[in-house]
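Analysis of the macromolecular model
Each chain, written out:
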Amino acid sequence: MTEPSPNVRPLRLRRAPVLTVGHDGEPEAPDVERDFVPTTLPEILKLDLARASLTVDPTFYCNLSCRFCDLPVTSKLAVDWSRVSTAVLAMVAVGLRDAHIIGGEPGIYPGTPALLTALRDLGLRPALFTHGMWAQSRERLARMCEAGLASLVVSIKAFDDDTAERLTGKRGVATSQARAIDVLIAGHRDGLAQVTFNHVITRPTLESMAEPDWVEQLPQLPSLSLSLIEPYPADMRPVVPEP
């Protein structure tokens, strides 16, 4: 008997059958092991994924140690693309167009360029969620874009090295990010890739935001989002912008 292609072997595709409700009547996130049930490629082909996105998490490794990050510091196993690609292709057939590569830090993961190319070749628009420090040279950004990178969401920890060091445990992060920001803005302007900058707001950065002109001190970014990811006291509420 002919050995089946690894592309069509079972992939352990799973889904949550129903919305999980807690004891208080409020919705709960489903537990992967308890609530998920097996699904199949034929089920995928019945979906409409035009508004969905695929999230690929190829590594947990990062060269920063952000105090608010809850990911393990060890790397995952590499993505077995020969097994995943069949499921992704089925999703593309029912409308999937966007793919998000996260981590860890995918910008320094050796397999990211090949993953970008594979996603692009399947008809997807790959976006990289990254701290962006790897993009301090236009040549490296250009190589990522040639591999298939369509857009980036760049997480900015702080705009000064002292605060960034308190958050990441590494000196010089803000300076390195500032150099990368210049390259990324130029790449955005020249059409290499779309860039959104996400300012991660934490207790240390809220202290600097207490100054009334903090918005004016930000770099001139093409697109900026804000993420409040640490608890903050009630007396800091006035400095958090309204949505």
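Residues numbered from 1 in each chain as written. Predicted model: local features only at pLDDT ≥ 70, side-chain atom pairs only at ≥ 80, totals over all residues. Heavy atoms only, no water.

This paragraph deals with the overall build of the protein chain. For the protein chain, the helix and strand inventory stands at 8 helices and 10 strands. Taking all 243 residues of the protein chain together, 39% fall into the buried category. Looking at the protein chain alone, contacts between residues at least 24 apart form 72% of all its contacts between residues at least 6 apart. Carbon and sulfur atoms provide 55% of the accessible area of the protein chain, an area that totals close to 14,100 Å². (Helix = DSSP H or I, 4+ residues; strand = E, 2+ residues; numbered from the N terminus. Buried < 20%, exposed > 50% of the residue type's maximum accessible area, 1.4 Å probe, protein only. Contact = heavy atoms within 4.5 Å. Areas by Shrake-Rupley, 256 points an atom, 1.4 Å probe, with all protein chains shown as cover.)

Further remarks concern the nonpolar core. In this structure, Leu54, Leu119, Leu124, Leu152, Leu184 and Phe197 are the most contacted members of the largest nonpolar core, which totals 38 residues. Contributions of two or more residues to this core are made by strand E5 (53–56), helix H3 (81–93), strand E6 (98–101), helix H4 (112–121), helix H5 (138–147), strand E8 (151–156), helix H7 (173–189) and strand E9 (194–201). The element best represented in this core is H3, accounting for 5 residues. In contact with leucine 184, not counting residues within four places along its chain, are Ala135, Leu141, Leu152, Val154, Val195 and Phe197. Cys66, Met133, Ala158 and Ala164 belong to the second-largest nonpolar core, a separate cluster that totals 8 residues. (Core = buried A, V, L, I, M, F, W, Y, C linked by side-chain atoms within 4.5 Å.)

Here E6 pairs with strand E7 (residues 125–130) via 4 bridges, running parallel. Bridged to isoleucine 101 within E7 is leucine 128. You can see the chain leave E6, run along H4 and come back into E7, and the turn it takes is right-handed. The sheet contact formed by E7 and E8 spans 4 bridges and is parallel. If you follow threonine 130 over to E8, its bridge partner there is valine 154. Note on the crossover from E7 through H5 to E8: the handedness is right-handed. (Pairing = 2+ DSSP bridges. Right-handed = clockwise from strand over helix to strand, strands pointing away.)

Moving on, we get to the side chain of glutamine 177. Within the secondary structure layout, glutamine 177 lies in helix H7. By relative accessible area, which is 2% here, glutamine 177 ends up buried. For glutamine 177, the contacting residues outside a window of four places in its chain are His131, Met133, Ser155, Ile156, Lys157 and Ala158.

This paragraph deals with the confidence of the model for the protein chain. On average, the protein chain scores 79 in pLDDT, and the residues at 70 or more come to 76%. Confidence, expressed as mean pLDDT per element, reaches its minimum in the protein chain at strand E1 (residues 14–15) with 61 and its maximum at E7 with 96. Scored below 50 in pLDDT, residues 1–11 shows 12 contacts in the model against residues more than four places distant or in partner chains. (pLDDT = per-residue confidence, 0-100.)

The interhelical angle for the contact between H4 and H5, taken along N-to-C directions, is 35°, at an axis separation of 7 Å. Contacts between H4 and H5 involve Thr112, Pro113, Leu116, Thr117 and Arg120 from the first element and Met144, Glu146 and Ala147 from the second. When the residues that make up the contact of H4 with H5 are grouped by side-chain class, the tally is 4 nonpolar, 2 polar and 2 charged. (Axes fitted to C-alpha atoms, helices over the stretch in contact; angles between N-to-C directions. Nonpolar A, V, L, I, M, F, W, Y, C, P; charged D, E, K, R; others polar.)

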